[in-house]
Number of protein chains: 2
Amino acid sequence: MGRTVTVRDIAEKCGVSVATVSRVINNNGRFSQETEHRVRAAIEELGYQPNQMARALRARRTDAIGVIVPSIANEFYSSVILSLQGELFDEGFSIIIYNTNGSVEMERQCHAHLAAQNVAGIISVNSHEDVRLALDRPVPTVYIDRFLDPDEMGSNVASVSSDNFASGKLAAEELWASGSRHPVTITPRPDAPVTEMRTSGFVRGLKDLGYELPAESIFTPQVTGYETSRIMTERLISSGYPFDGIFAQTDWEAIGALEVLRSHHIRVPEEIAVVGHDDIMIAQFGRPPLTTIHQDAAQIGTRTAHLILSMVRDEPIESNSILVPVGLVRRESTRRADL
Amino acid sequence: MGRTVTVRDIAEKCGVSVATVSRVINNNGRFSQETEHRVRAAIEELGYQPNQMARALRARRTDAIGVIVPSIANEFYSSVILSLQGELFDEGFSIIIYNTNGSVEMERQCHAHLAAQNVAGIISVNSHEDVRLALDRPVPTVYIDRFLDPDEMGSNVASVSSDNFASGKLAAEELWASGSRHPVTITPRPDAPVTEMRTSGFVRGLKDLGYELPAESIFTPQVTGYETSRIMTERLISSGYPFDGIFAQTDWEAIGALEVLRSHHIRVPEEIAVVGHDDIMIAQFGRPPLTTIHQDAAQIGTRTAHLILSMVRDEPIESNSILVPVGLVRRESTRRADL
DNA sequence: GTGAAAGCGCTAACAC
DNA sequence: GTGTTAGCGCTTTCAC
């Protein structure tokens, strides 16, 4: 293992200065064709790779994008990250990932860590930190799963999100069409930024159909997930509260609800129709298979990647608040046969 | 936004030299208590954060660990990464993630990318690259899901893996105890490094029970997964090949098999017993719920993190080939009632 | 079209 | 116990 090869080695081998080598590498400034050939040949021959740390020190930033996410083990998030990592890699960027487990304190620490590392940009997924913090962060930030008012955002903040209002509305329409006249909804944790949009879309959808959803029909657990949803559904049944449809705002919550309904021998969709949200793999394996709102994780990933790249490069962006369409995937937990 | 604050600012504010400031920060070398207090106070007051790029340039390496994985969207991998990211974060390290989608060429590119970034270490998950490449890479590398002969490894290569031989054996014993006398196995893709160990454990387990598994009973698809497994099981049934048990070496393959068996009205476990592998969430939702081999993703993550940290710090390591125990999780796809 | 040289922010000799 | 200084590898002004 010889010393690592630097611009200097290339320069010496070619009998030019390091400045010229640098110009060739970055295709920046003038140099003769002949020099270019010699330099490129030497780079090839010696297997030279520019040292990114030195570059970063000079440029005052790295070619890395920080990604902060509640948990990479969440299928929806990992799908988004898979997609955006691929796009960013193609442009020479790498991603540094942090899991916060939903803790605001952890999020704060991650931002500190990222600041010290001089990342070029930050992608923050389903964050419930105060967005104003981002406004006076020098590094461009894109929020996923969080709708931001375009007017409130500085030029270094943007958002990409599913159209959660639309998904709430779709769920309302599907439950109604399935004969549900007293639907309820189970939201993610109250501080999840998507909760409000989905719920208001749901309320609005029902209202348009002539039904005013009572506030008591909106259930907002402190912790999102399968277990919580089981417990809530169990309580809901034993309380005798009249309901004949559930919009569970995550698929895991929907699956939890389905399991409890099944254990009570309540027929789905005949007695109670159920709509989930996200369309992760488990949805296909519900009993019955779950009707759900599909989020386009791949598209969210690519749009986010393109957005952050533009911002990092100081290129103009089409919009600083991108809404990705959702769609209903009808399976067997809605639309009773006799309707 | 003022200029970013550097050691120099701290030094000036305290009336000391940058060297002293550096000594205090790194707790390296001598300095008076009084100086220390002044410096720390100034750091606090100005909100100084050491520039990691400059440090990295100096130290010739960053505090980042590169992680190369086939796909972060695979639940088992993402659970491992969740775990190891937490551990590494506590020690001040960050992780840079690459997805290869199982492509060796992509893996090669990722290594090149990582080399240019001077990561302190590399964690390579389920890689099928030539390990000898790692031997003359200067940066420590830990392989996950790949058993390496301790003798073949240099001091900068190590491995952490489930005890895949044991899991094959467990599967054999469980199927046998469920009354299966002609079991088959469906492996992950042939180049997956775990395939060989699981299969030989399975063969050995059956042999110990007095059954010699014919080579025709080992099915090795080119592509791992739910769909492939469905197709293979379908073919297996229509071919009339006699079998009464399946060891599917991933849970998704097991779920695919279960679906096909169900569509043919073949009773599980009465007619055919099924054992999966990994114990990811979907296993609980199989029809019937899937008996499977549990892999301890969290432990694999923490052991990997500790290993790579020791290697990075040039500390001695207990072992360069760690085997993490597995366990059978019995659900309803094995052990017919009448036995 | 090319070279010399400064400097990004930090650490570690080395001197005192 | 503290200061001076070289230099990590790169890019970029400024000369010529």
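Look up: the structure comes first, before these words.
The paragraphs below set out a description of the structure included in this document. (Residues numbered from 1 in each chain as written. Chains lettered and ligands numbered in written order. Predicted model: local features only at pLDDT ≥ 70, side-chain atom pairs only at ≥ 80, totals over all residues. Heavy atoms only, no water.)

**Some words on the relation of the copies chain B and chain A**
- The two copies are related by a screw operation: chain B maps onto chain A through 180° of rotation and 0.0 Å of translation along the axis, at an RMSD of 0.1 Å. Accordingly, the operation relating the two chain copies is best matched by a two-fold axis. Across chain B, the rotation axis passes nearest the C-alpha of Ile96(B), at a separation of 2.3 Å.
- Comparing interface residues between copies, 100% of those in chain B also sit at the interface in chain A, which points to an isologous, same-surface contact. (Least-squares fit on C-alpha atoms with pLDDT ≥ 70 in both. Contact = heavy atoms within 4.5 Å.)

**Overview of the nonpolar core**
- Counting residues in each nonpolar core, the largest one holds 108 residues, and the members touching the most others are Leu88(A), Ile246(A), Leu88(B) and Ile246(B).
- If sequence neighbours within four positions are ignored, Ile246(B) has contacts with Leu175(B), Val184(B), Ile186(B), Ala257(B), Leu261(B), Ile272(B), Ala273(B), Val274(B) and Val275(B). (Core = buried A, V, L, I, M, F, W, Y, C linked by side-chain atoms within 4.5 Å. Buried < 20%, exposed > 50% of the residue type's maximum accessible area, 1.4 Å probe, protein only.)

**Comments concerning the protein's contact with DNA strand C**
- Around DNA strand C there are 27 residues in total, and Arg23(A), Thr35(A), Val7(B), Tyr48(B) and Arg58(B) lie nearest to it.
- Restricting attention to atoms of DNA strand C within 4 Å of the protein, one finds that 65% of them are sugar or phosphate atoms.
- Contact distances for DNA strand C include 3.2 Å between a phosphate oxygen and a side-chain N or O atom of Arg60(A).
- Contributions of two or more residues to the surface near DNA strand C are made by α2 (18-26) and α4 (52-59) of chain A together with α2 (18-26) and α4 (52-59) of chain B.
- Looking at the surface near DNA strand C, its residues break down into nine nonpolar, eleven polar and seven charged. (Near = heavy atom within 4 Å. Polar contact = N/O pair within 3.5 Å; in protein donor to acceptor, adjacent residues only side chain to side chain. Helix = DSSP H or I, 4+ residues; strand = E, 2+ residues; numbered from the N terminus. Nonpolar A, V, L, I, M, F, W, Y, C, P; charged D, E, K, R; others polar.)

**Focus on helix α6 (residues 104-117) of chain B**
- For α6(B), built from 14 residues, the straight-helix expectation of 20 Å at 1.5 Å per residue is met to within 8% by its first-to-last C-alpha distance of 20 Å.
- If you check which residues of α6(B) are buried, you get Glu107(B), Cys110(B), His111(B), His113(B), Leu114(B), Ala116(B) and Gln117(B).
- Close packing links the buried residues of α6(B) with α4, α5 (75-90) and β2 (94-99) of chain A together with β1 (64-69), β2 (94-99) and β3 (121-125) of chain B.
- Of the residues flanking the start of α6(B), the one acting as N-cap is Ser103(B), its side-chain oxygen 3.3 Å from the backbone nitrogen of Glu105(B).
- Positive backbone phi, approximately 50°, marks Asn118(B), located one or two places after α6(B). (Expected span 1.5 Å × (residues − 1).)

**What to know about the interface of chain B and chain A**
- Between chain B and chain A, the residue contacts involve 49 residues of the former and 49 residues of the latter.
- Summed over both partners, the interface of chain B with chain A buries about 4,000 Å², with 68% contributed by carbon and sulfur atoms.
- It is Met53(B), Phe89(B) and Phe285(B) that lose the most area in chain B upon contact with chain A, and together they represent 19% of the buried surface on that side.
- Our count for the contact surface shared by chain B and chain A stands at zero salt bridges.
- Run the count over chain B and chain A and you get ten residue pairs in polar contact (both at pLDDT 80 or more).
- Every element with two or more residues in the side of chain B that touches chain A is listed here: α4, α5 (75-90), β2, α6 and α11 (251-263) of chain B.
- The element that contributes the greatest number of residues to the side of chain B that touches chain A is α6(B), accounting for eight residues.
- Pairing geometry for β2(A) and β2(B), over three bridges, is antiparallel. The residue of β2(B) that forms the bridge with Ile96(A) is Ile96(B). (Buried area = accessible area lost by both parts, 1.4 Å probe. Salt bridge = Lys/Arg side-chain N within 4 Å of Asp/Glu carboxyl O. Pairing = 2+ DSSP bridges.)

**A short note on the packing of helix α10 (residues 226-239) of chain B against α11(B)**
Residues and elements named next belong to chain B.
- Running from N to C, α10 and α11 point in directions that differ by 45°, and their axes come no closer than 7 Å. As summarised for this structure, α10 and α11 are arranged oblique, according to the angle between their axes. Relative to α11, α10 is oriented so that their crossing is right-handed. Across the interface between the two elements, Tyr226, Ser229, Arg230, Thr233, Glu234 and Ile237 of α10 pack against Trp252, Glu253, Ile255, Gly256, Ala257, Glu259, Val260 and Leu261 of α11.
- Looking at the contact of α10 with α11 residue by residue, the classes come out as seven nonpolar, three polar and four charged. (Axes fitted to C-alpha atoms, helices over the stretch in contact; angles between N-to-C directions. Parallel < 35°, antiparallel > 145°, perpendicular 65-115°, else oblique. Left-handed = near helix turned anticlockwise from the far one by under 90°.)

**Comments concerning the packing of aromatic side chains**
- Enumeration according to the criterion identifies 16 aromatic pairs over all chains in this entry.
- For the ring pair Phe76(A) and Tyr77(A), a centre distance of 6.0 Å and an interplane angle of 55° mean the geometry is tilted.
- Judged by relative accessible area, Phe76(A) falls into the buried class, the value being 5%.
- Through pairs of rings, three or more aromatic residues link up here, namely Tyr226(A), Trp252(A) and Phe285(B).
- It is Arg181(A) that lies over the ring of Trp176(A); its NZ or CZ is 4.0 Å from the centre. (Phe/Tyr/Trp six-rings, centres within 6.5 Å; stacked < 30°, edge-to-face > 60°. Lys NZ or Arg CZ within 6 Å of the ring centre and 35° of its normal.)

**Let's talk about unusual backbone geometry**
Residue and element names in this part refer to chain A.
- A cis amide bond, omega -5°, links arginine 287 with the succeeding residue proline 288.
- Looking at the secondary structure, you find proline 288 in the loop between β9 (273-278) and β10 (291-294).
- We note that asparagine 101 has phi near 55°; this positive angle belongs to a residue other than glycine.
- Mapped onto the elements, asparagine 101 comes out in the loop between β2 and α6 (104-117).
- The phi angle at asparagine 118 is positive, at roughly 50°, despite the residue not being glycine.
- As for its placement among the helices and strands, asparagine 118 is situated in the loop between α6 and β3 (121-125).
- Of the residues examined, asparagine 118 reaches a relative accessible area of 18% and is grouped as buried.

Function cannot be inferred from these measures alone, as they are strictly geometric.
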